[in-house]
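Below, each chain spelled out in residue letters.
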Amino acid sequence: MVLELQKPRPIWQIMFSTHHTDVGLLYLITSLAFLFLGGTLALAIRAELFLPGSQIIADSMTFNRMFTVHGTTLIFLFILPFASAVGNYLVPIMVRYKDMAYPKLNAIAFWMIPPAGALIWLGFADFTWYATPPYSIISAPGPAADMWIFGLKILGISSVLGAINFIVTILKCKHPDMSIGQVPLLAWSFLTSSLIVLVAIPTFAAALLMLLTDRLGVSGFFNPAMGGDPIAYAHLFWFTFHPEVYVLVIPAIGMMYEIIPRFSRKPIFSHSSGIFAFVLLSMVSFSSWAHHMYATGMSFTEKTVFMIGTLAAVPASAMHVFNFIATMWNGRIKFATPMMWAVGGIALFFSAGAGGVVNAAMPLDFQTHDSYWVVGHFHLFVMGTIAFGSIGFFYYIFPYVTGRMYNERMGQIHFILSFIGTVLVFFTQHVLGLYGMPRRVYDYPPIPEWITMNQIASVGAMVIGVSMVIFLINMIYSSGKGKLADTDDPFNLGGKYYYPFEAKNPHH
Amino acid sequence: MGHHSNWPEWVYVGIVIALMVWVGAEAWNAERLVEHIPADAEVIKVTGQQWFWSFEHEDGTKEIGELHVKVGKAYKFEIMSKDVNHSFNIHDYVVLLDAIPGRVNTVWFAPMEVGEHDIQCREYCGLIHYNMRGKLIVEEAEPSS
Amino acid sequence: MKSILGLFLVLAILVIIPAADYVFAAGDEPEGYIDRRVIIWNLFYRMMTVAFTVGAVVSGTIIWLCWRFRESNPKATPTPYEKEGVW
């Protein structure tokens, strides 16, 4: 399944195609473009926060818009579309079917992404990616806010359509001789995350609509002046977005399930544990949403219930870590670039989770809520786990998709710099939060410890930035002029670079 | 597939669950202690609005941007907002609770040393969120005569 | 095995310290108001101790694994699955 970069096809053929590999490629290019756009905003934010006072951003409103679009872009326009890219490209192959279940719907789901991205970027709203009322109703200027709302509405629909496609393809279109237990773990990760999407997204779709009508003044769901309750939005938002963060992380873990066994030259320690852990995680993800709302004035009992719900998700995640460690044990591991990213990702996944458990303990939220601790914590997940897993997987499928090999040395340098940078930025931010620095601030008082830690974090961000430039150069050069890869075994592992499955009646 | 022994995984999951139970129990206990408001806590009404804090003591005294309290006394903050969500935070005393328009949130503390501490806003509220700050000044209690 | 024992030891100590503290602290504060800072930061330090202990075990294991089972290790042996080339 080698990409046509060796025999270029006209670009409009790919753009109008409904074949899963073409749609996957479109998702891939779009998501990577937004990775760089969102990442540039991050560099600007960190440059501004290097010292107190104004550095490169003239006023706080511009800064507020930048962090809003940064978060919105990287979550909705990089992580989710990248996962869709991988899923579209590989799920039909993994279940031995010719395409996704609904190819045209698939293409439509992709083509919703660019207009939604345009709406978000042209609007450049300032109300954070949560869009919490009452601020988003009474204080956020339109049309930026309304464009953001429409952009997210469209993205939500695209997500749901994609989820339907994955679920039907995996459950109904898999090869008749393949039992559900034999489906590869990467496909299972798409199945479970798509099921979460189906249940969780409609809640936020409703909340967005209510937010819009509130902004127009025709309703008062969340506006206290009209008898509404801002906390209702918080519940609706987090009911969707806590499970949604699992939608973000589960495919990345699935990608690690591809890389780690392959490069350890062993099968996964326990395929059934992996399936069990994915299913358990997706169910338990719905039980913890209001841990994001500990500071809103919930009662002791409410907080306790959600703390228990949060802690209940930890064993399922821990099972994945165990699975990976047990797989590597007694293997013969090749530390090529994809493997480095995957293993680094697990280490950071663990640290992110450990910090999260601390946060889940109710009274500790009084220290950490809306401070840089939270920023450090979730970035260890989205950058340290998800981006690491995604980038590692990108390197892994690069020869599959382009037929060429990337430059290994540059790939390793990319990893080392990114790992060092990630630790520098996000571990430091945990401490910065403990010292009290709030998040979403354009400027801060010249407290010496805050200044030092902000500077360390900014240096770390620049290190990541440099590594991403190396990545860009490697990608672009190697796709056109890289060494031709042996598509049976591009990494020289000794095994095959495919999904072993013996059909009893191979009619494919 | 995996015809190997399963017991390491079960032990590991058991340890993780035990750890989580411990975390939950400790947190529950600490929260229980921290949330118990003393009966003699003096009420201070805290109002957040874009972009400053104002305070009203029990005896009617009003303050803007600065809050004077006495050492060794318990105070109960009743936190409100006039416009958007804010969050009242005295980081040095680990006091943090959201100011939500339409409701009153309550948190208490008892300062034990004389000193000055920062008050900040911990919920994004727009243009000057980053500078919605104040000062808590803990003073000596008047000698009882 | 030793790491599990070590972990349980740390845990036991962490449970005993606050319990002992609570008992010995009775009658320490003249006014009787609890200091929320002390309770919260104390909980935090105990959690951090456990988190870093577990973290040391997990990351130590991962680092050791990567070192011992890297293919360039002179002690490295092929896995049983390499014979057929399918895994």
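Right, let's walk through the structure included here. (Residues numbered from 1 in each chain as written. Chains lettered and ligands numbered in written order. Predicted model: local features only at pLDDT ≥ 70, side-chain atom pairs only at ≥ 80, totals over all residues. Heavy atoms only, no water.)

Overview of the overall build of chain B
Then, in step 1: The helix and strand inventory of chain B stands at 1 helix and 10 strands.
Then, in step 2: From first element to last, N terminus to C terminus, chain B shows the α and β order α-β-β-β-β-β-β-β-β-β-β.
Then, in step 3: Against the 2.2 N^0.38 benchmark of 15 Å for 145 residues, chain B shows a C-alpha radius of gyration of 21 Å, more extended than a compact globule.
Then, in step 4: Dimensions along the principal axes, computed over C-alpha positions, put chain B at roughly 75 × 45 × 25 Å.
Then, in step 5: Expressed as a percentage of its 145 residues, the buried residues of chain B come to 53%.
Then, in step 6: Split by element, the accessible area of chain B, about 6,600 Å² in all, is 56% carbon and sulfur.
Then, in step 7: The average position of the 11 basic charges and that of the 22 acidic charges among the side chains of chain B differ by 5 Å. (Helix = DSSP H or I, 4+ residues; strand = E, 2+ residues; numbered from the N terminus. Rg over C-alpha atoms; globule rule 2.2 N^0.38 Å. Buried < 20%, exposed > 50% of the residue type's maximum accessible area, 1.4 Å probe, protein only. Areas by Shrake-Rupley, 256 points an atom, 1.4 Å probe, with all protein chains shown as cover. Lys, Arg positive; Asp, Glu negative; His and termini not counted. Charge placed at Lys NZ, Arg CZ, Asp CG, Glu CD.)

Digging into the interface of chain B and chain C
Then, in step 1: Between chain B and chain C, the residue contacts involve 24 residues of the former and 21 residues of the latter.
Then, in step 2: Summed over both partners, the interface of chain B with chain C buries about 2,100 Å², with 73% contributed by carbon and sulfur atoms.
Then, in step 3: Taken together, the links from chain B to chain C amount to 2 salt bridges.
Then, in step 4: As a salt-bridge pair, Glu113(B) and Arg37(C) come within 3.5 Å of each other at their nearest N and O atoms.
Then, in step 5: Inspection of the region where chain B meets chain C yields 4 residue pairs in polar contact (both at pLDDT 80 or more).
Then, in step 6: At the level of elements, α1 (7-35) and β8 (105-109) of chain B are the ones that each hand at least two residues to the side of chain B that touches chain C.
Then, in step 7: Looking at the side of chain B that touches chain C element by element, the count peaks at 9 residues for α1(B). (Contact = heavy atoms within 4.5 Å. Buried area = accessible area lost by both parts, 1.4 Å probe. Salt bridge = Lys/Arg side-chain N within 4 Å of Asp/Glu carboxyl O. Polar contact = N/O pair within 3.5 Å; in protein donor to acceptor, adjacent residues only side chain to side chain.)

Section: the state of the cysteines
Residues and elements named next belong to chain B.
Then, in step 1: Counting across every chain of the model gives 0 disulfides over all chains.
Then, in step 2: Summary of cysteine pairing: Cys121 is not part of a disulfide, and the nearest cysteine sulfur, belonging to Cys125, is at 3.8 Å.
Then, in step 3: With a relative accessible area of 2%, Cys121 lands in the buried category. (Disulfide = S-S within 2.5 Å.)

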